[in-house]
Amino acid sequence: MKVHVLSLGCARNLVDSEGLAGLLEQAGHRFTDRIEEAECVVVNTCSFIREAEEESISTILSLADRKKTGKLRRLYVAGCLPQKRRNERQDLLDLLPEVDGFLGPGDLPKLPGLIAGQGLSPQGTVSNRFFVTSPVPTLLFESSAPKRRMTPKHYAYLKISEGCDHACTFCSIPQFRGAHRSRSIEDLTEEAARLSGEGVVELNLIGQDTSYYGADLYGSPCLPRLLEALAKVKGIHWIRILYAHPAHVTDDLIAAIRDLEPVVKYVDIPLQHISDRLLSLMRRETDGVFIRRLIDRFRAQVPGIAIRTTFITGFPGETEQEVEELAGFLRQARFERVGIFLYSPEPKTPSEKMPDPLPEAVKQDRRDRLMRLQREISEEMNRAWLGREIEVLVDEPGSEPGVYLGRTFADAPEVDGQVFLSSQAPLQPGRLIRARVTDTIEYDLVAEPVVG
Ligand code: SF4
């Protein structure tokens, strides 16, 4: 069949979708990027918070309509939703009769065989509908597995580990992604070399907790060792660390970010809050003093580092004073990149039953206030780049002639800022160029290539 894999949610899911698409192609199905052309669609779902789950369900329902009109022959649902809802499998099967099968993130390799095992009943409905989930939902496609890349040619996500051993009270991810498991340094280096051969110049390292990399395989966290190995891979110019956990950041890791040439001076490190009381209720294994010291260490030991972080506002019982404390921390720490999520009570998580849940409007108001503050900080910080020369990775042509989109070392794909490049000469996606900043916006820069 002509197959399309629709990847929802995070980059970790995207890597799974790339592996799944590779396996379906290997089984003889033809892949199409255009969902409207597909005879079969696999939705690789996300459900880490209620909003994400609602988006997954509405996507499935719109595809179910296409199936009802005969525009789609097969529809499959994979990923976090089936795994998270595995105890309600019959409800999902009944609720979504157009879905021909459900499978968890740990079962993706089984799909080609399951599809092959299905036939059509005399009524024309697909027989042998399935709902397959595994107790250990952690899946890591090895380097040798066939993959169909879903990112632009010049950058890729390298999933170095899956699952998580932390127990943050608001988070259900360990419930459906399992315990922490790392890929070997040899396997990851082999994949990095293959990706470089395909034209990749930027590697974004992902997992649930990348700073805990290797603890299961090598006895203790050893991300610096992996970075050293990846730094030797020819053709890779940027290596970026995403999803680090503050509790596992060592001086060796900070030194590796500072000293290893292709490792960009950037770190994504979700902190979630700064109030001691809330960090303890969240079971984040860190407190305010620890976090402030960690940020100071990064700033002192890696001059010019760009720090991305995320916070949760609206946690049960969060007081106005604690929101003010977080605002004060934003003003003092001046993070380059910040995301703020609304607390969402997730089923079967300890915080779901905690007292003093806050009304949605209060949560939203707090998030808006904090994001307004961060926008001002980002605007000020961006203004400091005016007139300066920067290195930019060209991503793609913009919407107008002579305009191109790119990123600096301080911008992870899809989540951070961009550089709007104006150039009469064509710019090649994947090329690293020098450019001079001619203007700044709150989160983005405007620049012109430096000739010669
Ligand atoms: S570190 Fe905490 S928030 Fe992140 S995946 Fe693990 S349990 Fe969830």
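Parameters and conventions
Residues numbered from 1 in each chain as written. Predicted model: local features only at pLDDT ≥ 70, side-chain atom pairs only at ≥ 80, totals over all residues. Heavy atoms only, no water. Helix = DSSP H or I, 4+ residues; strand = E, 2+ residues; numbered from the N terminus. Rg over C-alpha atoms; globule rule 2.2 N^0.38 Å. Buried < 20%, exposed > 50% of the residue type's maximum accessible area, 1.4 Å probe, protein only. Contact = heavy atoms within 4.5 Å. Areas by Shrake-Rupley, 256 points an atom, 1.4 Å probe, with all protein chains shown as cover. Lys, Arg positive; Asp, Glu negative; His and termini not counted. Charge placed at Lys NZ, Arg CZ, Asp CG, Glu CD. Salt bridge = Lys/Arg side-chain N within 4 Å of Asp/Glu carboxyl O. Pairing = 2+ DSSP bridges. Axes fitted to C-alpha atoms, helices over the stretch in contact; angles between N-to-C directions. Near = heavy atom within 4 Å. Nonpolar A, V, L, I, M, F, W, Y, C, P; charged D, E, K, R; others polar. Right-handed = clockwise from strand over helix to strand, strands pointing away. Phe/Tyr/Trp six-rings, centres within 6.5 Å; stacked < 30°, edge-to-face > 60°. Lys NZ or Arg CZ within 6 Å of the ring centre and 35° of its normal. Disulfide = S-S within 2.5 Å. Core = buried A, V, L, I, M, F, W, Y, C linked by side-chain atoms within 4.5 Å.

1. Overview of the overall build of the protein
Looking only at helices and strands, the protein has 14 helices and 19 strands in total. Its C-alpha atoms give the protein a radius of gyration of 23 Å, within 12% of the compact-globule value 22 Å for 452 residues. For the protein, the spread of C-alpha atoms along the three principal axes comes to 70 × 60 × 45 Å. Evaluated residue by residue, the protein yields a buried proportion of 56% over its 452 residues. Here the contacts in the protein between residues at least 6 apart in sequence split such that 76% fall between residues at least 24 apart. As displayed, the protein offers around 18,900 Å² of accessible surface, 53% of which is attributable to carbon and sulfur atoms. Mean positive and mean negative side-chain charge positions of the protein (57 and 66 charges, respectively) differ by 2 Å.

2. So, the environment of Gln301
Examined against the element boundaries, Gln301 turns out to sit in helix 12 (residues 288-301). Look at Gln301 and you get partly exposed, because its relative accessible area is 24%. Distance from Gln301 to Asp251, taken between C-alpha atoms, is 8.9 Å for residues 50 residues apart in sequence. Not counting residues up to four positions away in its chain, the partners in contact with Gln301 are Asp251, Ile254 and Arg258.

3. Regarding the pattern of salt bridges
Within the structure shown, the criterion is met by 43 salt bridges. The salt bridge involving Lys159 is made with Asp16; its shortest N-O contact spans 2.7 Å. Note that Lys159 is positioned in strand 7 (residues 155-159) and Asp16 in helix 1 (residues 11-26), a separation of 143 residues in sequence. Connected via shared salt-bridge partners are Lys147, Arg149, Arg183, Asp187, Glu191, Arg194 and Glu198.

4. Looking at the sheet that holds strand 5 (residues 101-103)
Judged by pairing direction, the sheet is parallel, and its six strands sit side by side in the order 2-1-3-4-5-6 without closing on themselves. Edge strands, defined here as strands with exactly one partner in the open sheet, are strand 2 (30-31) and strand 6 (130-132). By the bridge criterion, five bridges tie strand 1 (residues 2-7) to strand 3 (residues 40-45) in an arrangement that is parallel. Note on strand 3: the bridge partner recorded for His4 is Val41. Where helix 1 meets the sheet, it contacts strand 1, strand 2 and strand 3, and its direction lies at approximately 170° from that of strand 1.

5. Some points on the site of the ligand
Looking at the ligand, the residues that line it are Cys164, His166, Cys168, Phe170, Cys171, Ile173, Pro174, Gln208, His245 and Arg284. The residue makeup of the shell around the ligand, split by class, is six nonpolar, three polar and one charged.

6. Thoughts on the pairing of strand 3
The buried fraction of strand 3 is high, at six of six residues. Residue alternation in strand 3 divides its side chains into two sets, Cys40, Val42 and Asn44 and Val41, Val43 and Thr45, and both sets are buried. In this sheet, strand 4 (residues 74-79) lies alongside strand 3 in parallel orientation, the contact comprising six bridges. The partner of Asn44 across the bridge, within strand 4, is Ala78. Viewed along the sheet, the connection from strand 3 through helix 2 (residues 50-68) into strand 4 turns out right-handed.

7. Considerations on the packing of aromatic side chains
Under the definition given, this model contains nine aromatic pairs. Arranged with centres 6.4 Å apart and planes meeting at 85°, the rings of Phe48 and Phe341 form a pair that is edge-to-face. With Phe48 in the loop between strand 3 and helix 2 and Phe341 in strand 14 (residues 337-342), the pair connects residues that are 293 residues apart, well separated along the chain. Taking NZ or CZ as reference, Arg388 lies 4.2 Å from the ring centre of Trp385, over its face.

8. Looking at the sheet that holds strand 10 (residues 202-206)
The strand order 7-10-11-12-13-14 describes an open sheet built from six strands, whose pairing is parallel. Because the sheet does not close on itself, it has two edges, and the strands there are strand 7 and strand 14. Strand after strand, the sheet turns through a mean of 20° between neighbouring axes, direction not considered. Sheet analysis places strand 7 next to strand 10, joined by five bridges and oriented parallel. Bridge pairing in strand 10 places Ala156 opposite Leu203. The sheet contacts of helix 10 (residues 251-259) involve strand 11 (238-241) and strand 12 (263-268), and relative to strand 12 the element is tilted by about 135°.

9. Observations concerning the state of the cysteines
For the structure on display, the rule yields zero disulfides. With no disulfide partner, Cys40 has as its closest neighbouring cysteine sulfur the one in Cys80, 19 Å distant.

10. A few points about the nonpolar core
By size, the foremost hydrophobic cluster in this structure holds 56 residues, and its most contacted members are Leu227, Phe298, Phe329 and Phe335. The biggest single contributor to this core is helix 13 (residues 320-333), with six residues. Those residues in contact with Phe329, other than ones at most four positions away along the chain, are Leu271, Ile274, Ile291, Arg292, Ile295, Phe311, Arg334 and Phe335. If you look at the next biggest cluster of nonpolar residues, it comprises 21 residues, including Cys40, Val42, Tyr76 and Phe141.

These figures come from the coordinates and say nothing about function on their own.
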